[in-house]
Amino acid sequence: MTENFDRAPGAGRARIKPTSPGLADVGDGDANSVFNQREPLRQPRTSPPLTENNTNTSEAIGGESRRPSKPHQVIHNNSTPASKVKRVDSLVNTSILSANAPEFYPSSSPPYEESVSEDGSDGYYTETTLAELVEEFLSHLNSSPGSFENDIEHIANMLNSWVTTEETLQELVELLYTQSTVIPNFSYTGARLCNFLSHNLALSPASGNFRQLLLKRCQTEYEQRGVAVRGDAETQKKFHAYVLFLGELYLRLELKSAKGPPSRAEILLTALRELMNALFSNPVDGNLICAVQLLKLTGSVLEDTWKESGKSDMDQIVQRIENIVLDAQCSRDVKQMLLRLVELRSSNWGRVHAAAAADATPDNDPNYFMNEPTFYTADGTPFTAADPEYSEKYQEILDREDDYFPEAYEENGNESSFNDEDEMDPEIEEAFEKFCLESERKRRP
C-alpha cells in the first residue's frame, strides 16, 4: 500500500502520451495532465497594421503550430522598432513637404485678407469715436430720462475731455442736433442737454461757442422753411421735428445775465413766429398738426412775452386758425384739433390762478368741473359734471355704492361701533330724537 502511494511530488506518476484527440494513456516518464497539451488560442481575425507583422501572422496561421518554431523569428519581431525608425527616416529624407509652405484654402472660398482700418490700425482694438460716445449717452438718456440730473455732470466732464478743437466742437453740435430731431420724443431732453452744455463746455473758439454754433445750425434749417412745408412726406416730417425741437429749445435755453435773472433767446421767439406762418401757408394736415403741437407747447409763454411787449401776435394767430377751419380743405379731425386749441387759449391755456379759483363758477371758469369724475353711458357717450342731470345721476351711483358697501362694516368685516365721545351734529341729533319719540308713540297701544 505504501509502495504505491508516494507523497513525494511526481513520484509514482507516469507521463501521459496523447494517442488521439481527446484520449490519452498513462505511461512511464514525466507526469503532465492531458489538458496541458491543448491547442493555443486562435489569433484575432483582424490583421496588424505593419507589413512585417502581417507576414509573421500569416505564416503562424498557415503552419501546424501557431507559435514561432525558430528562435530567429522571435528576434525578428523584437527588432521591429528599429525598422520603423529606418522607414520614418527614409520618408523624411524623400518627402517634399515643408513647414514653411503657404496655408491651404479650398478653391471655392476666397483667400483670407487682414482687415486694415483707414487709419492704418489692424482693426481689432479701435478707439471709441466721438460719434459712438455721443450715441451711447444719448441712448442712455432716452431710455432713462429720470437719470438726467444725476448723469449730466459726468457727461459734461467727459465731453470736455473729448472736445478740444474747433472741429470736434462742430461735430458735437451736429451730432446733438441730428439726434434731437431724429430720436422720437427726445426733443425735450435734447434741449435740456444743449442748455447745460452751453454753460459748461469750456472750449470757446473764435468761430463761436457751443450755443452760437447750435443757433447757426438751427438757422440753416430755418432758411429752408418755405421749401420744407411744401416738400414730400419725408421732408415735412424732418421739418416738423425741427420745429418742435426749436420750441423746446426756446423754453429751455437760458441766457445768463450779470444784471438780472436768465432770459430766453429773443431770436428764437421771432423764428417761431415765422415758422408758424410758414406752416399755415400750406394748410395740409401734417403742417396743421405740427402747428397745434407747437402752440400747445409754447402758446402760454409766447402770449405772455408778446403781451409784455405790447404785441397782439397771438390774436392774429388765433384769427388765422379760425379762417383755416372755415376755408381749408383739411380733415375733420384736424379741424376739431384746431377748435380745441382755440378753446384752450380762451381758458388762458388751462392755467388757473389761485385768486381766481376761489371765485370760480361754472359760468366764468371752463375748468370748473376739471377735477370731477367723468362717466360714460351705455353707448359710450361721456357724462361729465357739466351735464344738467349729472348731480342726480352721480347721487344715485353713490347710493348704489352704499348698498353694496354698507358703512356698518369696516374693511376687515367687523362691525363698526360709534364712539361715545364723538359729538353728534345738532340737526342730526334733533332728527334722531324726533324719530325715537315717534317710534315710541307708535308702539303704545
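Quick caveat: nothing in here was measured; it's all calculated off a predicted structure.

Colleague: So what's going on with the overall build of the chain? Residues and values would help.
Modeller: In terms of regular secondary structure, the chain is built from 17 helices and four strands. Buried positions account for 24% of the 445 residues belonging to the chain. Here the analysis covers contacts within the chain between residues at least 6 apart in sequence; of these, 56% occur between residues at least 24 apart. Roughly 32,700 Å² of accessible area belongs to the chain as shown, and the carbon and sulfur atoms make up 51% of that amount.

Colleague: Lay out the side chain of Thr168 in plain terms, naming residues and giving numbers.
Modeller: Position of Thr168 among the secondary structure elements: in helix H6 (residues 166-182). One polar contact links the side chain of Thr168 to the main-chain amide nitrogen of Thr164, over a distance of 3.4 Å. When near neighbours in sequence (up to four residues on either side) are disregarded, Thr168 contacts Leu130, Trp162 and Val163.

Colleague: Account for the layout of surface pockets, with residues named and values stated.
Modeller: Within this model, the largest pocket holds a volume of roughly 610 Å³. Thr181, Lys237, Lys238, Ala241 and Tyr242 are, among the 27 residues lining the largest pocket, the residues nearest its centre. Looking at the lining of the largest pocket residue by residue, the class counts come to twelve nonpolar, nine polar and six charged.

Colleague: Got a sec to walk through unusual backbone geometry? Specific residues and values, please.
Modeller: Positioned with a positive phi, Asn348 is a non-glycine residue whose angle comes to about 60°. Secondary-structure assignment places Asn348 in the loop between helix H14 (332-346) and helix H15 (354-358). Taking relative accessible area as the criterion, Asn348 reaches 27% and is therefore assigned partly exposed. A positive phi angle, close to 60°, is found at Trp349, a residue other than glycine. When you line up the elements, Trp349 lands in the loop between H14 and H15.

Colleague: Talk me through the packing of aromatic side chains; I want residue IDs and the actual numbers.
Modeller: Counted under the stated rule, the structure contains three aromatic pairs. Through successive ring pairs, a cluster of aromatic residues spans Tyr177, Phe239, Tyr242 and Phe245. Its guanidinium or amino end placed over the ring of Tyr250, Arg264 lies 5.8 Å from that ring's centre, counting from NZ or CZ.

Colleague: Any details on the pattern of salt bridges? Residues and values, ideally.
Modeller: Taken as a whole, this structure holds nine salt bridges when the rule is applied. Taking the shortest distance from any N to any O, the salt bridge between Arg192 and Glu149 comes out at 2.6 Å. Of this pair, Arg192 sits in helix H7 (residues 187-200) while Glu149 sits in helix H5 (residues 148-162); the two residues are 43 residues apart in sequence, bridging distant segments of the chain. You can call Glu149 exposed: its relative accessible area is 54%.

Colleague: Got a sec to walk through the confidence of the model for the chain? Specific residues and values, please.
Modeller: Across the chain, the average pLDDT comes to 76, with 61% of residues at or above 70. Low pLDDT (under 50) marks residues 18-29, which in the prediction has 18 contacts with non-local residues, meaning those over four places away or in another chain. Segment residues 51-79: pLDDT under 50, and 20 contacts once partners within four positions in sequence are set aside and those in other chains are kept.

Colleague: Tell me about the packing of helix H11 (residues 266-281) against helix H12 (residues 285-308), residues and numbers included.
Modeller: Direction vectors running N to C along H11 and H12 enclose 145°, while the axes themselves pass 11 Å from each other. Relative to H12, the crossing made by H11 is left-handed. Facing H11, whose interface residues are Leu269, Leu272, Arg273, Met276, Leu279 and Phe280, H12 presents Asn287, Leu288, Cys290, Ala291, Leu294, Leu295, Leu302, Thr305 and Trp306.

Colleague: Tell me about helix H8 (residues 210-222), and please be specific about residues and values.
Modeller: Over its 13 residues, H8 runs 18 Å from end to end, which matches the ideal 18 Å to within 8%, given 1.5 Å per residue. Turning to H8, its buried residues are Phe210, Leu213, Leu214, Arg217, Cys218 and Tyr222. Among the residues of H8, the N-terminal cap falls to Asn209, whose side-chain oxygen and the backbone nitrogen of Arg211 are separated by 3.4 Å.

Colleague: Pulling in residues and values, what's your account of the environment of Gln316?
Modeller: Here Gln316 is to be found in helix H13 (residues 313-327). For Gln316, the side chain forms a polar contact with the side chain of Arg273, separated by 3.2 Å.

Colleague: How would you explain empty space enclosed by the protein if you had to name every residue and give the values?
Modeller: Tallying each qualifying case throughout the model produces one cavity of 30 Å³ or more. For the lining of the largest cavity, the leading source of residues is H13, giving four residues. The class makeup of the residues in the lining of the largest cavity is eight nonpolar, no polar and one charged.

Colleague: Quick rundown of the packing of H6 against helix H10 (residues 233-252)? Include the residues and the values.
Modeller: Across the interface, H6 lies against H10 with an axial gap of 8 Å and an inter-helix angle of 110°. By the criterion of interaxial angle, the relationship of H6 to H10 is roughly perpendicular. Mapping the contact onto sequence places Tyr177, Ser180 and Thr181 in H6 and Ala241, Tyr242 and Phe245 in H10. For the contact of H6 with H10, the class distribution of residues is four nonpolar, two polar and no charged.

Colleague: Give me the nonpolar core: which residues, what numbers.
Modeller: Leu159, Phe210 and Leu249 are the most contacted members of the largest nonpolar core, which has 74 residues in total. Other than its neighbours up to four places away in sequence, Phe210 contacts Leu169, Leu172, Val173, Leu176, Cys194, Leu197, Ser198 and Leu201.

Colleague: A description of helix H4 (residues 130-143) should follow, citing residues and the corresponding values.
Modeller: Given a rise of 1.5 Å per residue, 14 residues ought to cover 20 Å, and the 20 Å separating the end C-alpha atoms of H4 matches this to within 8%. Among all positions in H4, only Leu130, Leu133, Val134, Phe137, Leu138 and Leu141 are buried. The buried residues of H4 occupy an angular sector of 120° when projected down its axis, which confines them to one face. Set apart from the buried face of H4 by more than 90 degrees, the exposed residues are Glu135, Glu136 and Ser143. Packed against the buried residues of H4 are H5, H6 and H7.

Colleague: For the side chain of Ser198, give the residues involved together with the corresponding values.
Modeller: Tracing the chain through its elements places Ser198 in helix H7. Residue contacts for Ser198: discarding those within four places in its chain leaves Phe210, Arg211 and Leu253.

Procedures and definitions
Residues numbered from 1 in each chain as written. Predicted model: local features only at pLDDT ≥ 70, side-chain atom pairs only at ≥ 80, totals over all residues. Heavy atoms only, no water. Helix = DSSP H or I, 4+ residues; strand = E, 2+ residues; numbered from the N terminus. Buried < 20%, exposed > 50% of the residue type's maximum accessible area, 1.4 Å probe, protein only. Contact = heavy atoms within 4.5 Å. Areas by Shrake-Rupley, 256 points an atom, 1.4 Å probe, with all protein chains shown as cover. Polar contact = N/O pair within 3.5 Å; in protein donor to acceptor, adjacent residues only side chain to side chain. 1 Å grid on protein atoms, 1.4 Å probe; cavity = no way out; pocket = protein on both sides within 12 Å on 5 of 7 lines; lining within 4 Å. Points joined across faces, edges and corners; volume = space filled by probe spheres on them. Nonpolar A, V, L, I, M, F, W, Y, C, P; charged D, E, K, R; others polar. Phe/Tyr/Trp six-rings, centres within 6.5 Å; stacked < 30°, edge-to-face > 60°. Lys NZ or Arg CZ within 6 Å of the ring centre and 35° of its normal. Salt bridge = Lys/Arg side-chain N within 4 Å of Asp/Glu carboxyl O. pLDDT = per-residue confidence, 0-100. Axes fitted to C-alpha atoms, helices over the stretch in contact; angles between N-to-C directions. Left-handed = near helix turned anticlockwise from the far one by under 90°. Expected span 1.5 Å × (residues − 1). Parallel < 35°, antiparallel > 145°, perpendicular 65-115°, else oblique. Core = buried A, V, L, I, M, F, W, Y, C linked by side-chain atoms within 4.5 Å. Arc of directions from axis to C-beta.

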